[in-house]
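# Working through the structure, step by step
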Amino acid sequence: MNIAANPVVEADQTVYLKDYQKPSFLVDSINLDIQVFDEQTYVNAKLVMQRQTAGDLVLLGRDLELKSILLNGKALSESDYTLDAEQLVIAHAPDQAVIETQVVIHPESNTQLEGLYQAGSDLFVTQNEPEGFRKITFYPDRPDVLSVFTTRVEADKKFPVLLANGNLIEAGEAGAGRHYTIWQDPTKKPSYLFACVIGDLAVLKDRYVTSEGRDVALEIYAVEKDIPKCRIAMEALKHSMQWDEEHYGRPYDLDNYMIVATSQFNMGAMENKGLNIFNTSCVLADEEFTTDAAIMRVQSVIAHEYFHNWTGNRITCRDWFQLCLKEGLTVFRDQSFSEDLQSAAVQRIDDVAVLKAHQFPEDSGPLSHPPRPDHFVEINNFYTATVYEKGAEINRMMSTLLGKEKFRKGTDEYFSRHDGQAVTVEDWVAALTAGSGVDLSAFLTWYNQPGTPKLEAKGQYDAAAQTYRLSLKQSLKAHPKYPDLKAVPIPVALALFNAESGEQLILNSSALVENAVQDGVYLFDAESADIEFSGVAAKPVVSLLRNFSAPVDLEFNYSDEELAFLMQHETNGFNQWQAAQTLLERILLNDHAAGIYIQAMKNTLPELIQKDPLLASRLFDVPSEGYLGSRIDAGYSPAAIQEKRNALLETLARELGAFCKETFLALDPDLQKEFSQAMGVRALKNIMLGMMARQGDAQAFELAYEQYQATGNMSERLGALRVLVWNDAPQAQAALEDFYARFKEEALSLDQWFMVQAAHPKASAATIQYLTAHPDYDLTTPNRIRAVSGGLNANPVNTWSFGVQHFIGLAKYLDEKNPIVGSRLLQALSRWYTLAEPQRGQVKAELEALKLQVKSKNVSETLNSMLNV
Ligand code: TRP
Ligand code: ZN
């Protein structure tokens, strides 16, 4: 890297996959002693180390005050080692080395929420993935060093709860009003999975007996008043434990499983062995205080962290380049779990919507990287939609291709080969291949190159021969850093429908993975290919990439009529939704008429609302302004997009107005038997309210205010509040005041109060000023920052005007205080280069000015990449 071009991030800070080397020393065991005091924490560590290869003994450590170090019982002096800001190195160490260190750390002033930190007055927690453990003690802090941990935790008795990984083996008095516990974790683990918790928390307890007969104590820790909100998470945990036994043959392996909730957390949750630590937003669920969407998220994150016990913990990553090995697989597993909890089509819709709204834009812009990157400056910047969501899609493709049985044989092989090891993406694909008997090695290409493949398809019907020919072509946009892009294997799930009757046809084509079926899969693994279906009696309608069988950008020259046909006749709910989305995108970006879409909605909805209200609610999705903007690569005008989208919404409100009101009045969530159905009905009613308000129906505000007041359900209350606030209803102020008074002690609910105001389409710099100056705004709580920033970012017109200052100010402030969060928030501006002038030049100048003012690797790397377009 050229230093002149990169004054902030220096050349030697880049780490490359190709430079991987085994650690010279392994750690057989570590004994940790952590003593927490108000003004500092003492950490004593004893590492029993053994040489594995030639080289120095390297211990990583950051922000540690070293008090003493012993090697094999002998005190070392400063001349016996070299110590800098990142590491302590002992040259010529003996092959057997017992290292004992004493350090002092300062969790009470740790604002980065990494390592051991104080999270409010009553709690200390850890976050060690990926590189936080080095902020607790000197250690070879890398995932390929696995060790047995024994942990002593000592603190004042004002903190009754003292937890660490594994089994509690001792507890007692420590004098001077203090006490301690000792924990032993029998399973070898990398340091990023170490956790301890010191606090004043209440606990919800339950049990689960595994298929092997192990009786596991389940505990969720939270502040007293939140304990009733932990019940849904507890049910989800038991369900996850059973699900992993049934679907992957993986029982739990310890006698306890603990979850701790904290309101101060950089991300969603963390899978520390036997002791997960969760953002409150991902564990507390209660219909009075949190929305249906939040409840679904809690269940999926509980499952995600639980599933990591096998995919991540028992089998971990060799190095951080392999992050998508554990994340991509675990996301695929939690998505499959969630598909069993609600309408499977809707789960798929929601997952693909996230992929298209976040991963596709990331992959087409300056932050694009392969699911397995080959270099990075700051690994925290690579917990991305590409690593997680595209990583999950790669696993889904392989599972689609193999089918249930063979996929299970493949995963069985993976678990039996690699249990207890730190492995690579190649190991995973090789095990799947060996277990299933199907060569999947071509899928490695997906892991190694960036960009969303474009899939161009054309169809041709030959009436005389009664054949339908499908021509496919794939391509990738050239990437400066990856000159040799290759074709990837794309499973194309497809169906043919009779255009007259709407019936699904039997497919006759030897090209399919399985012939003579209705639901076909074709493995497209070349630059281009033609396949032919025979015995097709009349011109069919084809449905491609069903259930989104591959993460590609599909281009097919459908007529609007064919899309409307699929909205009404597709039997795959995802593709039904996708047809509506494609049609809407054409209306919005290519000025097609809206009439065909509206008619198709009118034809489809009455029956669908009865059958699957949740899916019906998703059919009303209109691509967001942000998503539409991400489809434009140059000359992007947020205001123009907003205008078009608003015009369409007006049309829909006018044309569907009567239907909306009838539906609103007819639906009652309390009459639904299943949660998924009730959730659908609530979603539909909120959408109807929004349409009625847009139509100018005077009664809409009254109905919304009535719903707001009468309900005890957060989705209903918040849905009504949104309609009132975003439409500047006369009742808006009263409702906002009421909401604040009701929920001011409930942080997650209050986040929604901030969000709703920040997301007002006509929010201004003054709105943001008011919210960020509010006494309940808090720059030390990422959830609160995200509530305002996320709300603001819901309207790109606002993001790209006064929002620019907001995000740049945050990045500057957080650069030192919390660079992980600062770097992520700044990415809201990553598509600046697509803007039309003069906005483009203005934002660029702001970003360049920021570059001179930031120091963290996190923010600098992101900024350098963002400007490198
Ligand atoms: N491994 C966590 C997960 O996906 C995510 C994670 C990585 C994380 N770094 C973090 C969570 C920092 C919180 C804070 O399940
Ligand atoms: Zn994860």
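Residues numbered from 1 in each chain as written. Chains lettered and ligands numbered in written order. Predicted model: local features only at pLDDT ≥ 70, side-chain atom pairs only at ≥ 80, totals over all residues. Heavy atoms only, no water.

### Things to note about the overall build of the chain
When you go through the chain residue by residue, the secondary structure sums to 25 helices and 31 strands. Taken over C-alpha atoms, the radius of gyration comes to 28 Å for the chain, in line with the 29 Å a tight globule of 869 residues would show. Along the first, second and third principal axes, the C-alpha atoms of the chain reach 90 × 65 × 65 Å. Put simply, the chain has 869 residues, and 59% of those count as buried. Of all intrachain contacts in the chain linking residues separated by at least 6 positions in sequence, the fraction that spans at least 24 positions is 70%. Of the roughly 33300 Å² that the chain leaves accessible, carbon and sulfur atoms contribute 49%. For the chain, the distance from the average site of its 78 positive side-chain charges to the average site of its 116 negative ones is 2 Å. (Helix = DSSP H or I, 4+ residues; strand = E, 2+ residues; numbered from the N terminus. Rg over C-alpha atoms; globule rule 2.2 N^0.38 Å. Buried < 20%, exposed > 50% of the residue type's maximum accessible area, 1.4 Å probe, protein only. Contact = heavy atoms within 4.5 Å. Areas by Shrake-Rupley, 256 points an atom, 1.4 Å probe, with all protein chains shown as cover. Lys, Arg positive; Asp, Glu negative; His and termini not counted. Charge placed at Lys NZ, Arg CZ, Asp CG, Glu CD.)

### Quick notes on the confidence of the model for the chain
Per-residue confidence for the chain averages 97 on the pLDDT scale, and 99% of its residues sit at or above 70. Below pLDDT 50 for its whole length, residues 1–10 participates in 15 contacts with residues either more than four positions away or in separate chains. (pLDDT = per-residue confidence, 0-100.)

### Regarding the site of ligand 1
The environment of ligand 1 is made up of 14 residues, and the closest members are Glu 129, Glu 271, Glu 305, Glu 327 and Tyr 388. Here an oxygen atom of ligand 1 sits 2.8 Å away from a polar atom, N or O, in the side chain of Glu 305. Computed on the free molecule, ligand 1 has an accessible area of 370 Å², of which 97% lies beneath the protein chains in the complex. Only strand 20 (269–270), helix 2 (292–307) and helix 3 (323–339) provide two or more residues apiece to the shell around ligand 1. Looking at the shell around ligand 1 residue by residue, the class counts come to 6 nonpolar, 3 polar and 5 charged. (Near = heavy atom within 4 Å. Polar contact = N/O pair within 3.5 Å; in protein donor to acceptor, adjacent residues only side chain to side chain. Nonpolar A, V, L, I, M, F, W, Y, C, P; charged D, E, K, R; others polar.)

### Overview of the pattern of salt bridges
All chains considered together, the criterion is met by 54 salt bridges. Across the pair Asp 38 and Lys 158 runs a salt bridge whose closest N-O atoms are separated by 3.1 Å. Note that Asp 38 is positioned in the loop between strand 2 (25–36) and strand 3 (41–51) and Lys 158 in the loop between strand 12 (147–156) and strand 13 (161–164), a separation of 120 residues in sequence. Residue classification places Lys 158 among the partly exposed positions, given a relative accessible area of 44%. Of the charged contacts, one joins Arg 631 and Glu 585 as a salt bridge, the two residues approaching to 3.3 Å between their closest N and O atoms. Within this pair, whereas Arg 631 is found in the loop between helix 12 (625–630) and helix 13 (638–666), its partner Glu 585 is found in helix 9 (residues 573–589), the two being separated by 46 residues in sequence. Beyond isolated ion pairs, a larger network of salt bridges with shared partners links Asp 33, Arg 152, Glu 154 and Arg 178. (Salt bridge = Lys/Arg side-chain N within 4 Å of Asp/Glu carboxyl O.)

### Let's talk about the nonpolar core
Within the largest apolar cluster, 271 residues are counted, with the highest numbers of intra-cluster contacts made by Trp 428, Phe 533, Leu 544, Tyr 597 and Leu 847. The dominant element in this core, judged by the number of residues it contributes, is helix 5 (residues 385–418), at 11 residues. With sequence-adjacent residues up to four places away left out, Trp 428 is seen in contact with Leu 325, Leu 329, Asn 395, Met 398, Phe 407, Thr 411, Tyr 414 and Tyr 447. (Core = buried A, V, L, I, M, F, W, Y, C linked by side-chain atoms within 4.5 Å.)

### So, the pairing of strand 8 (residues 87–90)
Note that strand 4 (residues 57–60) and strand 8 share 4 bridges and pair antiparallel. Residue Leu 57 lies in a different strand from strand 8, and its bridge partner there is Ile 90. Pairing analysis gives 2 bridges linking strand 7 (residues 82–83) to strand 8, with the strands arranged antiparallel. Within the sheet, the bridge partner assigned to Thr 82 lies in strand 8 and is Val 89. In textbook terms, the turn of a hairpin is the stretch between consecutive antiparallel strands, and for strand 7 and strand 8 this stretch comprises 3 residues. (Pairing = 2+ DSSP bridges.)

### Description of the sheet that holds strand 19 (residues 256–262)
Read from one edge to the other, the open sheet built from 5 strands follows the order 17-18-19-21-20, with strand pairing classed as mixed. Among the strands making up the open sheet, the edge pair consists of strand 17 (202–209) and strand 20. Both strand 17 and strand 18 (residues 215–222) contribute to a ladder of 8 bridges, which runs antiparallel. Paired with Val 209 across the two strands is Asp 215, which belongs to strand 18.

### With respect to the coordination of the zinc ion (ligand 2)
Listed as protein donors to the zinc ion (ligand 2) are His 304 (NE2), His 308 (NE2), Glu 327 (OE) and Glu 327 (OE); their distances from the metal cover 1.9 to 2.7 Å. The sequence pattern formed by the donor residues of the zinc ion (ligand 2) is H-x3-H-x18-E. A residue is classified by how much of its surface remains accessible, and His 308, at 0% relative accessible area, is buried. (Donors = N, O, S within 2.8 Å, 3.2 Å for Na, K, Ca; no water.)

### Some remarks on the packing of aromatic side chains
Per the counting criterion, the structure on display carries 38 aromatic pairs. With a centroid separation of 6.0 Å and an interplanar angle of 80°, the aromatic rings of Phe 289 and Phe 743 are classed as edge-to-face. Of this pair, Phe 289 sits in the loop between strand 21 (275–279) and helix 2 while Phe 743 sits in helix 17 (residues 732–743); the two residues are 454 residues apart in sequence, bridging distant segments of the chain. Pair check on accessibility: Phe 289 and Phe 743 agree, each one buried. (Phe/Tyr/Trp six-rings, centres within 6.5 Å; stacked < 30°, edge-to-face > 60°.)

### Section: the pairing of strand 5 (residues 65–71)
Of the pairings in the sheet, the one linking strand 5 to strand 9 (residues 96–105) comprises 6 bridges and is antiparallel in character. Opposite Leu 66, over in strand 9, you have Val 103 as the bridge partner. Strand direction decides the pairing type here: strand 5 and strand 6 (residues 74–75), joined by 2 bridges, are antiparallel. Looking across to strand 6, one finds that Leu 70 is bridged to Ala 75.

### Some points on the side chain of Thr 384
Relative to the helices and strands, Thr 384 is located in the loop between strand 23 (375–376) and helix 5. Side-chain polar atoms of Thr 384 contact the side chain of His 369, separated by 2.9 Å. A polar side-chain atom of Thr 384 sits 3.1 Å from the main-chain amide nitrogen of Val 387. Those residues within four positions of Thr 384 in sequence are excluded, and the remaining contacts are Glu 362, His 369 and Glu 389.

### Digging into unusual backbone geometry
Omega for the bond connecting Glu 129 with Pro 130 falls within 30 degrees of zero, at -5°, which places this linkage in the cis form. Mapped onto the elements of the fold, Pro 130 is located in the loop between strand 11 (123–127) and strand 12. The residue after Glu 837, namely Pro 838, is reached through a cis peptide bond having omega 5°. Here Pro 838 is to be found in the loop between helix 23 (819–826) and helix 24 (839–851). One non-glycine residue, Ala 176, lies in the positive phi region at around 55°. You can see Ala 176 is positioned in the loop between strand 14 (167–175) and strand 15 (178–189). One non-glycine residue, Asp 728, lies in positive phi territory at about 50°. Turning to its location among the elements, Asp 728 is positioned in the loop between helix 16 (714–726) and helix 17.

### Section: the packing of helix 4 (residues 344–364) against helix 9
Where helix 4 contacts helix 9, the axes come no closer than 8 Å and their chain directions differ by 45°. Taken together, helix 4 and helix 9 sit at an angle that is classed as oblique. By crossing handedness, the relation of helix 4 to helix 9 is classed as right-handed. Between helix 4, through Ala 345, Arg 348, Ile 349, Val 352, Ala 353 and Lys 356, and helix 9, the contact on the second element is made entirely by Gly 573, Phe 574, Trp 577 and Gln 578. Of the residues that constitute the contact of helix 4 with helix 9, the class distribution is 6 nonpolar, 2 polar and 2 charged. (Axes fitted to C-alpha atoms, helices over the stretch in contact; angles between N-to-C directions. Parallel < 35°, antiparallel > 145°, perpendicular 65-115°, else oblique. Left-handed = near helix turned anticlockwise from the far one by under 90°.)

### Here's the deal with the sheet that holds strand 13
Taken in spatial order, the 4 strands of this open sheet run 10-11-16-13, and their pairing is antiparallel. Strands at the two margins of the open sheet, each flanked by one partner only, are strand 10 (115–118) and strand 13. When strand polarity is set aside, the average angle formed by the axes of neighbouring strands in this sheet is 15°. Alignment of strand 10 against strand 11, held across 4 bridges, turns out to be antiparallel. Paired with Tyr 117 across the strands is Val 125, a residue of strand 11.

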